[in-house]
Amino acid sequence: AAFDYRELRRRLDGRASLLFVAHRHEILEQSRVVFRVVLGEASFGERLGNGEVPRRDEHVFANIQSLHEDALAKLAADAFDVVIIDEFHHAASDTYDALLRRLRPKFLLGLTATPERNDGKSILHWFDDRIASELRLWKALDDGLLSPFQYFGISDGTQLGGIRWTPTGYATSELRNVYTANDVWIRRVLQEVNRKISDPTRMRALGFCVDIAHAEFCAMRFEEAGLESKVLSRHSTTAERATALAQLQSGELRAIFSV
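Residues numbered from 1 in each chain as written. Predicted model: local features only at pLDDT ≥ 70, side-chain atom pairs only at ≥ 80, totals over all residues. Heavy atoms only, no water.

K.L.:
What is the right way to read the overall build of the protein from this model?
P.N.:
Looking only at helices and strands, one finds 9 helices and 10 strands in the protein. In the protein, which comprises 259 residues, the share counted as buried stands at 35%. Of the roughly 16,300 Å² that the protein leaves accessible, carbon and sulfur atoms contribute 50%. Taking the 34 positively charged and 37 negatively charged side chains of the protein as two groups, their mean positions are separated by 1 Å. (Helix = DSSP H or I, 4+ residues; strand = E, 2+ residues; numbered from the N terminus. Buried < 20%, exposed > 50% of the residue type's maximum accessible area, 1.4 Å probe, protein only. Areas by Shrake-Rupley, 256 points an atom, 1.4 Å probe, with all protein chains shown as cover. Lys, Arg positive; Asp, Glu negative; His and termini not counted. Charge placed at Lys NZ, Arg CZ, Asp CG, Glu CD.)

K.L.:
I'm lost on the sheet that holds strand β1 (residues 18-22) in this one. Help?
P.N.:
Two modes of strand pairing occur in sheets, parallel and antiparallel, and in both the strands are linked by backbone hydrogen bonds. Across the sheet, which stays open at both edges, the 5 strands sit in the order β2-β3-β1-β4-β5 with parallel pairing between neighbours. Only two strands of the sheet have a single neighbouring strand rather than two, namely β2 (46-48) and β5 (107-110). Neighbour-to-neighbour, the strand axes of this sheet turn through a mean angle of 20°, independent of strand direction. In this sheet, strand β3 (residues 59-63) lies alongside β2 in parallel orientation, the contact comprising 3 bridges. (Pairing = 2+ DSSP bridges. Axes fitted to C-alpha atoms, helices over the stretch in contact; angles between N-to-C directions.)

K.L.:
So what exactly am I meant to see when it comes to the nonpolar core here?
P.N.:
As a rule of thumb, soluble globular proteins bury nonpolar side chains together. With 19 residues, the main nonpolar core has Leu 19, Val 21, Leu 67, Ile 85, Phe 88 and Leu 99 as its most contacted residues. Elements with a contribution of two residues or more to this core: β1, β3, β4 (82-85) and α4 (94-102). Take this core: its biggest share by element is 3 residues, from α4. In this view, Val 21 contacts Leu 28, Ala 62, Ile 64, Leu 67, Ile 84, Ile 85, Asp 86, Tyr 96 and Leu 99; residues no more than four positions away in its chain are not counted. Among the nonpolar cores identified, the runner-up in size contains 17 residues, and Ile 186, Val 193, Ala 215 and Phe 217 belong to it. (Core = buried A, V, L, I, M, F, W, Y, C linked by side-chain atoms within 4.5 Å. Contact = heavy atoms within 4.5 Å.)

K.L.:
Sorry if this is basic, but what is going on with the sheet that holds strand β10 (residues 255-258) here?
P.N.:
Pairing within the open sheet is parallel, and its 3 strands lie in the order β8-β10-β9. Of all strands in the sheet, those bounded by a partner on one side alone are β8 (205-208) and β9 (229-231). Strand after strand, the sheet turns through a mean of 20° between neighbouring axes, direction not considered. Sheet topology places β9 next to β10; 3 bridges connect them, and they run parallel. Its bridge partner lying in β10, Ser 229 is registered against Ala 255. Across the sheet, helix α8 (residues 212-224) is in contact with β9 and β10; its angle to β9 comes to roughly 165°. Where helix α9 (residues 238-250) meets the sheet, its contacts fall on β8, β9 and β10, and the angle it forms with β10 comes to roughly 140°.

K.L.:
Quick question: what am I supposed to make of the packing of helix α6 (residues 172-180) against α8 here?
P.N.:
Interhelical geometry of α6 versus α8 gives an angle of 15° and a closest axis separation of 9 Å. Between α6 and α8, the angle is such that the two are roughly parallel. Both α6 and α8 take part in a crossing whose hand is left-handed. Residues Arg 176, Tyr 179 and Thr 180 of α6 pack against Ala 213, His 214 and Phe 217 of α8. For the contact of α6 with α8, the per-class residue count stands at 3 nonpolar, 2 polar and 1 charged. (Parallel < 35°, antiparallel > 145°, perpendicular 65-115°, else oblique. Left-handed = near helix turned anticlockwise from the far one by under 90°. Nonpolar A, V, L, I, M, F, W, Y, C, P; charged D, E, K, R; others polar.)

K.L.:
Can you walk me through the packing of aromatic side chains in this structure?
P.N.:
Both the distance between ring centres and the angle between the ring planes are used here to describe each pair of aromatic rings. In the structure shown here, the tally under the stated rule is 12 aromatic pairs. Here the aromatic rings of Phe 20 and Phe 35 are separated by 5.8 Å at their centres, their planes lie at 80°, and the arrangement is edge-to-face. Here the residue Phe 20 occupies a position in strand β1, and Phe 35 occupies one in helix α2 (residues 25-39), the gap between them amounting to 15 residues. Looking at Phe 35, the relative accessible area reads 2%, which means it is buried. Aromatic pair Trp 138 and Phe 149: ring centres 6.1 Å apart, planes at 35°, arrangement tilted. Remark: Phe 149 occurs in the loop between α5 (137-142) and β6 (165-166) and Trp 138 occurs in helix α5; sequence separation between them is 11 residues. The class for Phe 149 is partly exposed, based on a relative accessible area of 42%. Put simply, the rings of Tyr 5, Phe 20, Phe 35, Phe 44 and Phe 61 touch in pairs and so form one group of aromatic residues. (Phe/Tyr/Trp six-rings, centres within 6.5 Å; stacked < 30°, edge-to-face > 60°.)

Right, dumping it as structure tokens:
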């Protein structure tokens, strides 16, 4: 996206205003750093959201949460020449839909690693039903762009046949109850961690859970097993999130559990 923007700015005589939208503080910060490196401009881009407000509104990296109805009402349709939206599969949601209907940029670029939505809604109509560029996982692996991985699918004996199915998947509360009703499932998880990892006391892991209560349950059981763990959720502050990620990176934490 940064290389695309650099080329678009050249075509637009060097003055292309930019709006880069994402839903996470970390993604926006990482993206702004990349743009600064690619463009060779150490001060490129201002932040909108998380308590920050841009002064010039020329090159803005914004949390989608900050682009609410009142903010959009103050925004001119042609305020930005280039709009880049990360995780574009969210575009079918009301918040993103309102943003896309409001803005009329010269160029719209959508980025996503998961273009197929579970609800079957298409997002391609924003691009005249055309995908500009596509690179799937196995091709990226073959081209040496990603680290190779081992994938273990482990049968845990959990029966999900009686759980209610909804338009977005299994009913969350029912699914959580299956995994947290007793310690049978989590004991199996810990057993497999010890089998598959040579030294769990040195591992750095991410655990993906059904909901926040399930994540808290897993972190507590890992802690009891001597594996330092934390939970990150929508309730976590920016400082808590940054601290936990730094602790995982440094090796102080064994695992972070999230939804």
